[in-house]
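Notes for the structure review
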Amino acid sequence: MDPVWSATVLLLPCVVVLTAGCFYLYSFIMGLLSKTSVRNKVVVLTDALSGLGKECAGVFHRGGARLILCGKNWEKLEELADELASASDPTVTFPSKLVLLDFGDMDSLPEVTSEILECYGCLDVLIFNSGMKVKAPAQSVSLEMDKLLMDNNYFGPATLAKGLLPSMISRRTGHLLLVSSIQGKLTVPFRSAYAASKHAVQAFFDCLRAEMEEYGISVSTINTTFISGSASSSNAGASRSIWSLLYTKKPLGVSPDEATTEIVKTLSSRRKEVVVAPSLPKVALYTRSFFPDLFFAVVAAGVKSAAVAENM
């Protein structure tokens, strides 16, 4: 037998075992991180009722965090809190605190801020994972919808951050984490108002990061294509363009468990910015920065092609 072929046959099982071992070690380390990064810490989730919010709530609750779950529906918040309590050991976990929060109601935010602080008297981690989306031609989006998007995606999170920051500054510790969209860095046609709101909140947190440095407060942003409803989707078998072949992840977006893993890693490492996206959007980001004319031409061509396809 050819010596090279013999060596290949012998090495293949070793590579498989080594790869499996790496995956196991990674899962084990992530489990430890989820416990050590939030144990006994007060963690606020601005939208605990979304797919990502529920996934984070489960991971952090099992990790021993003192959770403050926020959302628009009180009954659903109570159901989530009951589910977390029934699925965990009460001797090593804390009962969740509940706060009604609707960024679309700006007048209620001072009261919400007070309620959050009254839960434990302080907070350690504030995760902004809520958001609102609209897809439509720019000229068809009303001013009222523009304002509603800005309230939900920018003014609301910025106002809550300002209200809770004094507590963190007085203790000289804390971590603000924004789960946002890649459209805070890259515009996509027919999402003008949404992209504008995401650019605004991205800029706010980028400025805030530098301002909070002297107080020992970390500010992180995680930008994704979008958070899918689950790890898989019923549209998975739908036809895709050739560009989808460039994706290193599912073109359907990031699943809640993948996003939660990134959040846990970011809370532990205190990384300032993370982009969770397939290859093509990442290439587009660099193209937008270094070859803007090419980027604009490609985007415009894509809009024209879509218009032609609709008229055929």
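Let me sum up the structure you'll find in this document. (Residues numbered from 1 in each chain as written. Predicted model: local features only at pLDDT ≥ 70, side-chain atom pairs only at ≥ 80, totals over all residues. Heavy atoms only, no water.)

**What to know about the overall build of the chain**
For the record, the criterion: Working definition: helices are DSSP H or I runs of at least four residues, strands are E runs of at least two. Numbering for both runs from the N terminus. The buried label applies to any residue whose accessible area, calculated with a 1.4 Å probe on protein chains only, is under 20% of its type's maximum; exposed applies above 50%, and partly exposed to all values in between. In this description, accessible areas are obtained by the Shrake-Rupley approach with a 1.4 Å probe, and a residue is regarded as covered only by the protein chains that are shown.
A tally of regular secondary structure across the chain gives 9 helices and 7 strands. The buried share of the chain, reckoned over its 312 residues, is 40%. For the chain, the exposed area adds up to about 16900 Å²; of that, 61% sits on carbon and sulfur atoms.

**Here's the deal with unusual backbone geometry**
A positive phi is found at Arg172, a non-glycine position, where the angle reads about 55°. Classification of Arg172 by relative accessible area gives partly exposed; the value is 48%. Unlike most non-glycine residues, Phe190 shows phi in positive territory, near 70°. If you trace the backbone, Phe190 turns up in the loop between strand S5 (174-181) and helix H6 (192-212).

**Details of the sheet that holds strand S4 (residues 125-128)**
Operational definition: Pairing between strands is defined by DSSP: at least two bridges between the two strands are required. For every element, the axis is a line fit to its C-alpha atoms; helices are fit only across the contacting stretch, and the angle between N-to-C directions ranges from 0 to 180 degrees. Residue contacts follow a heavy-atom distance rule, with two residues in contact if any of their heavy atoms lie within 4.5 Å.
Read across the sheet, 7 strands follow the order S3-S2-S1-S4-S5-S6-S7 without closing on themselves; strand pairing throughout is parallel. Looking at the sheet topology across the chains shown, the edges are occupied by strand S3 (97-100) and strand S7 (273-276). For this sheet, the mean angle separating the axes of adjacent strands, direction not counted, is 15°. Together, S4, S5, strand S6 (217-224) and S7 form the strand contacts of H6, whose direction differs from that of S6 by roughly 155°.

**Description of the nonpolar core**
Heads up, the rule is: To qualify as a nonpolar core, a set must consist of buried Ala, Val, Leu, Ile, Met, Phe, Trp, Tyr and Cys residues joined through side-chain atoms within 4.5 Å.
Counting residues in hydrophobic clusters, the biggest one holds 30 residues, and the most contacted among them are Ile116, Leu126, Phe128, Leu160, Leu176 and Phe205. Those elements giving two or more residues to this core turn out to be strand S1 (42-45), strand S2 (66-71), helix H4 (109-120), S4, helix H5 (143-171), S5, H6 and S6. It is H5 that provides the largest number of residues to this core, a total of 7 residues. Setting aside residues up to four positions removed in sequence, Phe128 forms contacts with Thr46, Phe103, Pro157, Leu160, Ala161, Leu176, Leu177, Leu178, Val179 and Phe205.

**Focus on the packing of aromatic side chains**
Rules: Within 6.5 Å between ring centres, the rings of Phe, Tyr and Trp (the latter by its six-membered ring) count as paired, and their orientation is classed by plane angle as stacked under 30 degrees, edge-to-face over 60, tilted in between. Geometrically, a charge over a ring is one whose NZ (Lys) or CZ (Arg) sits within 6 Å of the ring centre while staying within 35 degrees of the ring normal.
Applying the stated rule across the entire model yields 5 aromatic pairs. Judged by centre distance (4.9 Å) and plane angle (50°), the ring pair of Tyr154 and Phe155 falls under tilted. By way of ring pairs, the aromatic residues Phe128, Tyr154, Phe155, Phe204 and Phe205 are connected into one cluster. The ring of Tyr120 has Lys97 sitting right over it, with the charged end atom 5.5 Å from the ring centre.

**Digging into the pairing of S4**
One face of the sheet, then the other: side chains in a regular strand alternate in exactly this way. Burial of the side chains of S4 extends over both faces: Val125 and Ile127 are buried on one face and Leu126 and Phe128 on the other. Looking at chain direction, S1 and S4 are connected through 3 bridges and run parallel. What sits directly across from Leu45, in S4, is Ile127. Examined bridge by bridge, S4 and S5 share 4 bridges and lie parallel to one another. Bridge pairing links Leu126 to Leu176 in S5.

**A short note on the packing of H4 against H5**
Between two packed helices, the angle of one axis relative to the other and the distance separating the axes together describe the packing. Just so we agree on the cut-off: Should an angle fall under 35 degrees it is taken as roughly parallel, and over 145 as roughly antiparallel, whereas 65 to 115 is taken as roughly perpendicular and any remaining angle as oblique. Less than a right angle of anticlockwise turn of the near helix away from the far helix marks a crossing as left-handed, whereas a clockwise turn marks it as right-handed.
Between H4 and H5, whose axes approach to 10 Å, the crossing angle comes to 40°. Between H4 and H5, the angle falls in the class oblique. In the packing of H4 onto H5, the handedness of the crossing is right-handed. Across the interface between the two elements, Leu109, Val112, Thr113, Ile116 and Leu117 of H4 pack against Gly156, Thr159, Leu160, Gly163, Leu164 and Ser167 of H5.

**Some details on helix H2 (residues 51-62)**
To keep things clear, this is the line we draw: Between the first and last residue of a helix there are one fewer steps than residues, each counted as 1.5 Å, and that sum is the expected span.
If you check H2, its first and last C-alpha atoms are 17 Å apart, about what 12 residues at 1.5 Å a residue would give, namely 16 Å. Every buried residue belonging to H2 is among Leu52, Gly53, Cys56, Ala57, Gly58, Val59, Phe60 and His61, and all of these are buried. A positive phi of about 90° marks Gly64, the residue just after H2.

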